[in-house]
Amino acid sequence: MATITSIHGADVSPPHGPTHARLRQLLEALHAQQHTEQIMQARIVSLQVELDGYRKRLQRLNGLAHQQQRQALTDVLTKLPNRRAWELRLNEALACHRRHGGDLQLAFLDVDHFKRINDDFGHPAGDKALRLIARLLASRLRDSDFLARYGGEEFAILLPNTGREAGYAVLSELCKSIESAPFHVRGRRLRITCSAGLASFSAGESGVDTLRRADQALYRAKRNGRNRLELD
Ligand SMILES: Nc1nc2c(ncn2[C@@H]2O[C@H](COP(=O)(O)OP(=O)(O)OP(=O)(O)O)[C@@H](O)[C@H]2O)c(=O)[nH]1
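Reading guide: rules and limits
Residues numbered from 1 in each chain as written. Predicted model: local features only at pLDDT ≥ 70, side-chain atom pairs only at ≥ 80, totals over all residues. Heavy atoms only, no water. UniProt positions renumbered as here; feature names shortened; annotations may be inferred. Helix = DSSP H or I, 4+ residues; strand = E, 2+ residues; numbered from the N terminus. Pairing = 2+ DSSP bridges. Axes fitted to C-alpha atoms, helices over the stretch in contact; angles between N-to-C directions.

In the nomenclature of an unreviewed UniProt entry, the chain corresponds to diguanylate cyclase from the organism Ectopseudomonas khazarica. Recorded in UniProt under Catalytic activity (unreviewed entry), the annotation for the chain is "2 GTP = 3',3'-c-di-GMP + 2 diphosphate".

Here it is in structure tokens:
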């Protein structure tokens, strides 16, 4: 059969020669490039999926780290900040007090004869009393105050922007509220009293010294008969 080389005078013969070879080369290069682009696109999609996975994992790990940090600073029994948290907050408050001055009170509050509650009614009753006291104290303090379980049956309180008289009134109120709390164990109402020591931060004094003065005031309150508040 004869090859058609022209239609209405136009040349339609298959391309040949060096131009044809060059066109084929370019076409092959184009196909190769398109193939590479497809592979790259697929790789980009899979990397994005991988990156999303890493982001989610990082979020989970951050959440876990925050949770662990919170746990490390929280007392398990009362859910109050623990002594470590107290030390961190105290340092912050001291730095702020040194820079800006103002009134800052520090108090220690200790349950009287707490051992008797454990001895007479058992450790779970003692735990219950500590939880109740923690709730009472927390509910009566301002958001800007700081309350921590310092250890055992002792609580530490920071009262920023509070003068000495106001601090005394707050502490008396806290002790009264504990004394009148409806604490029952085995059907019997138990009267729980506290002793407290209060000290004001003074300019130029180290935190350790203020802490010592508040502790000495608490010791005096115990020695002077308990169920009382002493100022340093
Ligand atoms: N249930 C319970 N008891 C605790 C906890 N931590 C400390 N205690 C007890 O608290 C008691 C403290 O006793 P003491 O230091 O003699 O003090 P106290 O009996 O309160 O006497 P004063 O402070 O002198 O009035 C001890 O018996 C401790 O075992 C706790 O988490 N739960």
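(A) Quick peek at the UniProt feature "coiled-coil region" (unreviewed entry) in the chain. Residues annotated in UniProt with the feature "coiled-coil region" (unreviewed entry) correspond here to residues 44–71. Across residues 44–71 one finds 100% helix and 0% strand; the C-alpha atoms that close the span lie 40 Å apart.

(B) Highlighting the sheet that holds strand S8 (residues 194–200). Taken in spatial order, the five strands make up an open sheet running S4-S5-S3-S8-S9, and their pairing is mixed. Strand pairing shows two members of the sheet lacking a second neighbour, strand S4 (146–151) and strand S9 (229–231), which therefore form its edges. With direction set aside, neighbouring strand axes in the sheet form an average angle of 20°. Both strand S3 (residues 104–111) and S8 contribute to a ladder of seven bridges, which runs antiparallel. Note on S8: the bridge partner recorded for Asp110 is Ser195.

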